[in-house]
Amino acid sequence: MVAVVGTSQLGTDQVSMDLNSASTVVLQVLTQATSQDTAVLKPAEEQLKQWETQPGFYSVLLNIFTNHTLDINVRWLAVLYFKHGIDRYWRRVAPHALSEEEKTTLRAGLITNFNEPVNQIATQIAVLIAKVARLDCPRQWPELIPTLIESVKVQDDLRQHRALLTFYHVTKTLASKRLAADRKLFYDLASGIYNFACSLWNHHTDTFLQQVSSGNEAVILSSLERTLLSLKVLRKLTVNGFVEPHKNMEVMGFLHGIFERLKQFLECSRSMGTDNVCRDRLEKTIILFTKVLLDFLDQHPFSFTPLIQRSLEFSVSYVFTEVGEGVTFERFIVQCMNLIKMIVKNYAYKPSKNFEDSSPETLEAHKIKMAFFTYPTLTEICRRLVSHYFLLTEEELTMWEEDPEGFTVEETGGDSWKYSLRPCTEVLFIDIFHEYNQTLTPVLLEMMQTLQGPTNVEDMNALLIKDAVYNAVGLAAYELFDSVDFDQWFKNQLLPELQVIHNRYKPLRRRVIWLIGQWISVKFKSDLRPMLYEAICNLLQDQDLVIQIYFDRTYVFSIFLNCASPVDDFEFRTDQFLPYLETMFTLLFQLLQQVTECDTKMHVLHVLSCVIERVNMQIRPYVGCLVQYLPLLWKQSEEHNMLRCAILTTLIHLVQGLGADSKNLYPFLLPVIQLSTDVSQPPHVYLLEDGLELWLVTLENSPCITPELLRIFQNMSPLLELSSENLRTCFKIINGYIFLSSTEFLQTYAVGLCQSFCELLKEITTEGQVQVLKVVENALKVNPILGPQMFQPILPYVFKGIIEGERYPVVMSTYLGVMGRVLLQNTSFFSSLLNEMAHKFNQEMDQLLGNMIEMWVDRMDNITQPERRKLSALALLSLLPSDNSVIQDKFCGIINISVEGLHDVMTEDPETGTYKDCMLMSHLEEPKVTEDEEPPTEQDKRKKMLALKDPVHMVSLQQFIYEKLKAQQEMLGEQGFQSLMETVDTEIVTQLQEFLQGF
């Protein structure tokens, strides 16, 4: 009996039916669920969703999708619902899990008949069987593998194929499990069936090779499909089924046999046309052979050692000799190159600098490599890579001419070297040249020598050869550092070639610019840069070339800005660049408007950002057009978050360059910040980091607070709850608001901010605690009256940390900084706080104060910042004069801290021999900015003005001590004061007297 919910009218009454009756009801609803009419579709989907958890529902689905007389779309939907049900309800611990009885029935039903006539449905059934196998095989489903093995032996073509398809998906799924127990089970499975899998594969492969000559495409395709599936099974077993596969003769026999099979399959390709289904499947099978080798090398490098020689011989012969002519194809060449590259670069095959420290396996592999890569072999590979594979094809030249932007995006794709021939050849060249540079450097230099002087523009082949060699010289720039006089080559060879304006020379001009870009950070005299700037600016004036060589222009400006070099002479010099700034910025902006690809716009924006960053405030006369264009670009990029990230980066540098004038951007800038930092908006996932950085630089360069800028802070509370890696920037932003407008900011947001801080302090790291407390410290410094009131809930936490002797020095130092501000700058608030804490600790106020002073003196060494050390001295001295016995009892400690502070801040004037407090700042002092330094931001100026009001920089510690001691003397009288001074160490007294000479 099967319990389902529903009727033919999609009712909700629960009824009990037999399997056939239930199938009729579910079939009707599934049929409605395939409708294009949403009025019919939606209720059907809702009904199916209700049935998902009903006992017997999946038995009904199995009954439906195995009935080949029903509509294909209905059966397809039934399979999908069954597959989703496995994901949700098959595990025992899942809510509404299927009963063990029903699962037993379903498992049996799934492998009763491998006769599904529709390929797509057959694949889905194979996948769902694999999903069940992942959870139940072999313990709950021991009969699965034996049934599959028997089924792939049958003579019926359809049944055999479907069983083989299922066998592959089951093997693939079981091979993907990673828990140790699961791996052990798969190892056992692989050992048990490997011999059968090899026999199966050999049988289908031999059958295919015999049938190729028949010319019957249907038969050939059917046989090839079985060969491909059996090879897929073997791939998973070989790569994932053995701990030490090199010890298994069957595994190594199969791997050694791959090369002969590959030759046979490549020869078969000669007899097939270039555009038919058989040829496509044949190429997929050939590629699968190479994937087996690549995966095995990746997972078992030492087990691969016996295959190194054969792999290299095979790959090099087909890729770099005439053997491959007429039989190889691009993807196969790429795979062979990847195989060579992985062997060359494999760390397992590289001995230690001290050979004796290397394992025997590593030395054996290295020996095989060295024996293969002889001088003639390396020379041939290098020459062939450059003169054959590096040559631009007619197709590439046409594409570059007709769609330079698309060509550029395709050429610079991320992982394209793995799949595309040109990037793959370049990566292989770099790896081999790096590994064997001593052998290959003379070969490449010789190729360079043959290309000196101008090239005949009518000889296209000569131009392409030169382009290829220049490509090689650029890729090997770091390896050729000591072998090429690039400065002379630039002046005598490259510069004249940049000036050739013939249309056929365009690809070579592009390559020359790229080549200079490769070398400029390796070896290029700074004095030559203006010569290069001039040449490129002249080149860019040719309006007919604007689109065709626009990618050259991005290289050009990267060259303009490049200063990342290990040699000091190559550092970017603004004075050299400024004469070209206007031209460069204008052309870049034109380019930004012309291009359409997101990747290209991002690249141009990146270069624009670099320009602005390098020249800083000197960009101001030229940015008007960009400022007007960016809002439009932002709107157009709504669906392209990575482009928006590039816009944010540009805005960051633009705000820094404009300084206080960036306030004019607020109508555009502030909504951008608002969106980018709002965690309730989906784009924040991409934009948050750059958005926060933009928010910060906007605050730092803001001349004054505005209501809109203040309002954005509403985004901060959810950001603090995230506790992400952006928390540090968030604290900087909070500090920025405090420095910008402490009163308005604290009155508006301090309550909520304080709540967030209290939550953070419960679970945050030590570093995070310090960041929180620094915000509080800054608030107290900027606003001594309002600050303590607004952060009152946090101050008991700080006081308690001091009294209990916080064990982390950096945290204790910050605690003392916060309390020092309160004690020194808001005495009345400190008194009320002391009273509050006395009640909490159930102590007398004087006793608690004494404990605090004692801990302060004891932990003074935790404070490393001179400003905080002076602050501590000033704060504790502010307790004087006092007739309080507790304070007098701690007088010795207060004087000790004060003398330590004097040692920190006092410098001797060599002319007068007197001491001066070096932390005192004059209102007349202006910040000194060298040419290499960035001009001060508005926040820097605010901090400077704040410092001029800060007691640490206003009050002479020397004079403050003198005045406090004098007042104490006057309060106690001479005798009482002397008694107090006698509690201080005589050496400390002597030092104090030296500092106070002249008072």
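Residues numbered from 1 in each chain as written. Predicted model: local features only at pLDDT ≥ 70, side-chain atom pairs only at ≥ 80, totals over all residues. Heavy atoms only, no water.

J.: Whenever I open this one, the overall build of the protein confuses me. Can you help?
T.: A tally of helices and strands in the protein yields 48 helices and four strands. Taking 2.2 N^0.38 as the reference for a compact globule, 999 residues should give roughly 30 Å; the C-alpha atoms of the protein span a radius of gyration of 39 Å, well beyond that estimate. Dimensions of the protein, computed from C-alpha atoms along their principal axes, come out at roughly 120 × 90 × 65 Å. With 999 residues in all, the protein has 53% of them scored as buried. Considering only residue pairs separated by 6 or more positions, the protein has 73% of its internal contacts joining residues 24 or more positions apart. Of the accessible surface of the protein, which amounts to about 45100 Å², a share of 50% is contributed by carbon and sulfur atoms. Averaging the locations of the 86 positively and 124 negatively charged side chains of the protein gives two centres separated by 5 Å. (Helix = DSSP H or I, 4+ residues; strand = E, 2+ residues; numbered from the N terminus. Rg over C-alpha atoms; globule rule 2.2 N^0.38 Å. Buried < 20%, exposed > 50% of the residue type's maximum accessible area, 1.4 Å probe, protein only. Contact = heavy atoms within 4.5 Å. Areas by Shrake-Rupley, 256 points an atom, 1.4 Å probe, with all protein chains shown as cover. Lys, Arg positive; Asp, Glu negative; His and termini not counted. Charge placed at Lys NZ, Arg CZ, Asp CG, Glu CD.)

J.: Explain the environment of Tyr-629 to me, please; I cannot follow it from the model alone.
T.: Inspection of the secondary structure puts Tyr-629 in helix α29 (residues 624-636). The exposure class assigned to Tyr-629 is buried, which follows from its relative accessible area of 9%. Remark: the alpha-carbon pair of Tyr-629 and Leu-592, spanning 37 residues in sequence, is separated by 9.7 Å. Leaving out residues up to four positions away in the same chain, Tyr-629 has contacts with Phe-589, Leu-592, Gln-593, Lys-601 and Gln-636.

J.: Would you mind going over the pattern of salt bridges with me for this structure?
T.: A pair can form between side chains of opposite charge whenever their charged atoms are brought close. Here the structure, examined in full by the defined rule, presents 37 salt bridges. For the salt bridge of Glu-283 with Arg-279, the shortest nitrogen-to-oxygen distance reads 2.9 Å. Here Glu-283 pairs with Arg-279, and both are found in helix α12 (residues 277-299), just four residues apart, close to one helical turn. The class for Glu-283 is partly exposed, based on a relative accessible area of 22%. Across the salt bridge formed by Lys-369 and Glu-435, the nearest N and O atoms sit 3.9 Å from each other. Taken together, the residues span a long stretch of sequence, with Lys-369 in helix α15 (residues 360-372) and Glu-435 in helix α19 (residues 421-435) at a distance of 66 residues. For Glu-435, a relative accessible area of 26% puts it in the partly exposed group. Each member of the salt-bridge network shares a partner with another, and the members are Arg-92, Glu-100 and Lys-103. (Salt bridge = Lys/Arg side-chain N within 4 Å of Asp/Glu carboxyl O.)

J.: Explain the packing of aromatic side chains here, please?
T.: The relative placement of two aromatic rings is captured by the distance of their centres and the angle of their planes. Counted by the stated rule, this structure contains 39 aromatic pairs. Taken together, Trp-51, Phe-57, Tyr-58, Phe-65, Phe-82 and Tyr-89 form an aromatic cluster joined through their ring pairs. Over the ring of Tyr-347 we find Lys-350, and its NZ or CZ is 5.3 Å from the ring centre. Residue placement shows Lys-523 over the ring face of Phe-481; its charged tip is 5.0 Å from the ring centre. (Phe/Tyr/Trp six-rings, centres within 6.5 Å; stacked < 30°, edge-to-face > 60°. Lys NZ or Arg CZ within 6 Å of the ring centre and 35° of its normal.)

J.: Just checking my understanding: could you explain the side chain of Thr-441 for this structure?
T.: Its place among the elements puts Thr-441 in helix α20 (residues 437-449). With relative accessibility at 9%, the residue Thr-441 sits in the buried group. From its side chain, Thr-441 meets the backbone oxygen of Asn-437 in a polar contact 2.7 Å long. In contact with Thr-441, other than residues within four places in its own chain, are Phe-433, Leu-480 and Ser-483. (Polar contact = N/O pair within 3.5 Å; in protein donor to acceptor, adjacent residues only side chain to side chain.)

J.: Could you clarify how one ought to interpret the packing of helix α32 (residues 684-700) against helix α35 (residues 727-763) in this entry?
T.: To describe two helices that pack against each other, one gives the angle between their axes and the distance between the axes. Contact geometry for α32 and α35: axes closest at 9 Å, N-to-C directions at 20 degrees. Between α32 and α35, the interaxial angle falls into the category roughly parallel. Crossing hand, α32 versus α35: left-handed. Note on element contacts: α35 touches α32 through Thr-729, Cys-730, Lys-732, Ile-733, Gly-736, Tyr-737 and Leu-740, opposite Leu-692, Glu-693, Trp-695, Leu-696 and Leu-699. Residue composition of the contact of α32 with α35, by class: eight nonpolar, two polar and two charged. (Axes fitted to C-alpha atoms, helices over the stretch in contact; angles between N-to-C directions. Parallel < 35°, antiparallel > 145°, perpendicular 65-115°, else oblique. Left-handed = near helix turned anticlockwise from the far one by under 90°. Nonpolar A, V, L, I, M, F, W, Y, C, P; charged D, E, K, R; others polar.)

J.: Explain the packing of helix α28 (residues 598-615) against helix α30 (residues 641-658) here, please?
T.: At their nearest, the axes of α28 and α30 sit 9 Å apart, and the two run at 10 degrees to each other. Classified by the angle their axes make, α28 and α30 are roughly parallel. By crossing handedness, the relation of α28 to α30 is classed as left-handed. Residue-level inspection shows Cys-598, Lys-601, Met-602, Leu-605, Ser-609, Ile-612 and Glu-613 of α28 in contact with α30, the latter providing Met-642, Leu-643, Ala-646, Ile-647, Thr-649, Thr-650, His-653 and Leu-654. Residues of the contact of α28 with α30, tallied by class, amount to nine nonpolar, four polar and two charged.

J.: Is there a simple way to think about a nonpolar patch on the surface in this case?
T.: A surface patch of nonpolar side chains, about 330 Å² in accessible area, is lined by Met-642, Val-685 and Tyr-686. On the secondary structure map, Tyr-686 appears in helix α32. (Patch = residues over 30% accessible without salt bridge, like charges linked within 9 Å, V, L, I, M, F, W, Y side chains within 5 Å.)

J.: Hey, could you run me through the environment of Leu-675 in this one?
T.: Structurally, Leu-675 is set in helix α31 (residues 666-676). Between the C-alpha atoms of Leu-675 and Leu-688, which are 13 residues apart in sequence, the distance is 8.9 Å.

J.: Help me out: how do you make sense of unusual backbone geometry in this one?
T.: Leaving glycine out, the prevailing phi sign among residues is negative, and the prevailing peptide bond configuration is trans. The step from Cys-137 to Pro-138 runs through a cis peptide bond, and the omega angle for that step is 5 degrees. With an omega of -10 degrees, the peptide bond running from Leu-880 to Pro-881 counts as cis. One can find Pro-881 in the loop between α42 (866-877) and α43 (885-889). A positive phi is found at His-96, a non-glycine position, where the angle reads about 60 degrees. Mapped onto the secondary structure, His-96 falls in the loop between α4 (72-89) and α5 (100-110).

J.: I'm lost on helix α6 (residues 119-136) in this one. Help?
T.: Taking 1.5 Å of rise per residue, 18 residues should cover 26 Å, and α6 covers 25 Å from first to last C-alpha, within 8% of that figure. By the burial criterion, the buried members of α6 are Ile-121, Ala-122, Gln-124, Ile-125, Ala-126, Leu-128, Ile-129, Ala-130, Val-132, Ala-133 and Asp-136. On its buried face, α6 is in contact with α3 (57-65), α4, α5, α7 (144-151) and α8 (157-175). (Expected span 1.5 Å × (residues − 1).)

J.: Looking at this structure, I do not really get helix α47 (residues 957-981). What am I missing?
T.: Along an α-helix, a turn takes 3.6 residues, which lines up residues three or four apart on a common side. Taking 1.5 Å per residue as the helical rise, α47 with its 25 residues ought to reach 36 Å, whereas the 19 Å between its terminal C-alpha atoms falls clearly short. Taken as a whole, α47 carries its principal kink of about 120 degrees at Gly-973. The set of residues buried in α47 consists of Leu-957, Gln-958, Phe-960, Ile-961, Lys-964, Leu-965, Gln-968, Phe-977, Leu-980 and Met-981. In this structure, the buried residues of α47 make contact with α42, α43, α44 (891-905), β3 (906-908), β4 (915-917) and α48 (986-995). (Bend = angle between axes of the 7 residues up to and from the residue.)

J.: I keep staring at a negative patch on the surface and nothing clicks. Help me out?
T.: On the surface, Glu-402, Asp-403, Glu-597 and Asp-599 cluster together to form a negatively charged patch. By the secondary structure assignment, Glu-402 is in helix α17 (residues 394-402). A relative accessible area of 66% places Glu-402 in the exposed class.

J.: What is the right way to read the environment of Phe-829 from this model?
T.: Note on placement: Phe-829 falls in helix α40 (residues 827-841). Considering only alpha carbons, one finds Phe-829 and Pro-784, 45 residues apart in sequence, at a separation of 9.8 Å. Contact partners of Phe-829, with chain neighbours within four places excluded, come to Pro-788, Gln-789, Gln-792, Leu-795 and Val-822.

J.: Is there a simple way to think about the state of the cysteines in this case?
T.: In a disulfide, the sulfur atoms of two cysteines are held together by a covalent bond. Under the definition given, this model contains zero disulfides. Free cysteine: Cys-198, not disulfide-bonded; nearest cysteine sulfur from Cys-137 at 20 Å. Given the relative accessible area of 10%, Cys-198 is considered buried. The thiol of Cys-278 is unpaired, and the distance to the nearest cysteine sulfur, on Cys-268, comes to 11 Å. (Disulfide = S-S within 2.5 Å.)

J.: Would you take a moment to explain the confidence of the model for the protein for this structure?
T.: Detail in the predicted coordinates should be disregarded across regions flagged by low pLDDT. Per-residue confidence for the protein gives a mean pLDDT of 88; residues scoring 70 or more make up 92%. Taken element by element, the protein is modelled with least confidence in strand β2 (residues 14-17), mean pLDDT 36, and with most confidence in helix α13 (residues 305-320), mean pLDDT 97. Every residue in residues 543-557 is under pLDDT 50, and counting partners more than four places away or in other chains gives 48 contacts. Across residues 560-570, confidence stays below pLDDT 50; counting only partners more than four residues off in sequence or on other chains, it has 33 contacts. (pLDDT = per-residue confidence, 0-100.)

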